[in-house]
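Observations on the model geometry
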Amino acid sequence: QAQLVESGGGLVQAGDSLRLSCTTSARTFGNYNMGWFRQAPGREREFVATINWRGEGIQYGDVVQGRFRISRDNAKNTLYLQMSGLKPEDTAVYLCAKQSVHARWGTLPEEYDRWGQGTQVTVSS
């Protein structure tokens with residue numbers, strides 16, 4: 001079973017930038033809509049961004065609009081999340097996910113059926 005593996009998280013100060021990556025061994029990576037979600041302690045999983053299989057359709061959650069940028073490189077089987085202007089409230093485990101083939105492209109966690117283990121992003125004041 002192919003897995004999704006996130007990397008790039010860490011401890012940064014408010015205003016800093018990070019780039020998260022998500023790689024997969026799945027040769028069909030380029031066929032799938034992908035997304036980034038985050039989950040902070042005591043909070044529900046929150047939509048961050050999604051990108052369709054061709055890369056031209058993108059949506060962002062309101063809380064990250066204008067600060068984060070999602071992209072993908074299908075040739076490298078890699079999904080990216082470039083984060084800038086990080087805020088303490090961005091602190092969370094960030095997870096990449098593959099959208100279910102049975103779901104419409106969207107922003108709900110329930111529409112995604114394969115998840116990485118997550119990478120921790122911690123933003124200090």
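Our subject is the structure that appears above.
Note that the structure is a prediction, hence the values are computed from the model and not measured. (Residues numbered from 1 in each chain as written. Predicted model: local features only at pLDDT ≥ 70, side-chain atom pairs only at ≥ 80, totals over all residues. Heavy atoms only, no water.)

**Quick look at the state of the cysteines**
Taken as a whole and judged by the stated rule, the model has one disulfide. The disulfide that involves Cys22 links it to Cys96, with 1.9 Å between the sulfurs. Its S-S torsion of about 50° marks the bond between Cys22 and Cys96 as right-handed, since a negative value means left-handed. With Cys22 in strand β3 (residues 18-24) and Cys96 in strand β9 (residues 92-99), this pair connects stretches of sequence that are 74 residues apart. Of the two residues examined, Cys22 and Cys96, each falls in the buried class. (Disulfide = S-S within 2.5 Å. Helix = DSSP H or I, 4+ residues; strand = E, 2+ residues; numbered from the N terminus. Buried < 20%, exposed > 50% of the residue type's maximum accessible area, 1.4 Å probe, protein only.)

**Thoughts on the packing of aromatic side chains**
Two aromatic rings are characterised by how far apart their centres lie and by the angle between their planes. The tally for this structure, following the rule as stated, stands at five aromatic pairs. Plain terms: the ring middles of Phe37 and Phe47 are 5.8 Å apart, the flat faces sit at 65° to each other, and that makes the pair edge-to-face. Taken together, the positions of Phe37 in strand β4 (residues 34-39) and Phe47 in strand β5 (residues 46-51) put the pair 10 residues apart, joining distant regions of the chain. For the pair Phe37 and Phe47, one class covers both residues: buried. Chaining the aromatic ring pairs together yields one cluster made of Phe37, Phe47, Tyr112 and Trp115. Over the aromatic face of Trp115 sits the side chain of Arg45, whose NZ or CZ is 4.5 Å from the ring centroid. (Phe/Tyr/Trp six-rings, centres within 6.5 Å; stacked < 30°, edge-to-face > 60°. Lys NZ or Arg CZ within 6 Å of the ring centre and 35° of its normal.)

These values are about where atoms sit, not about what they do.
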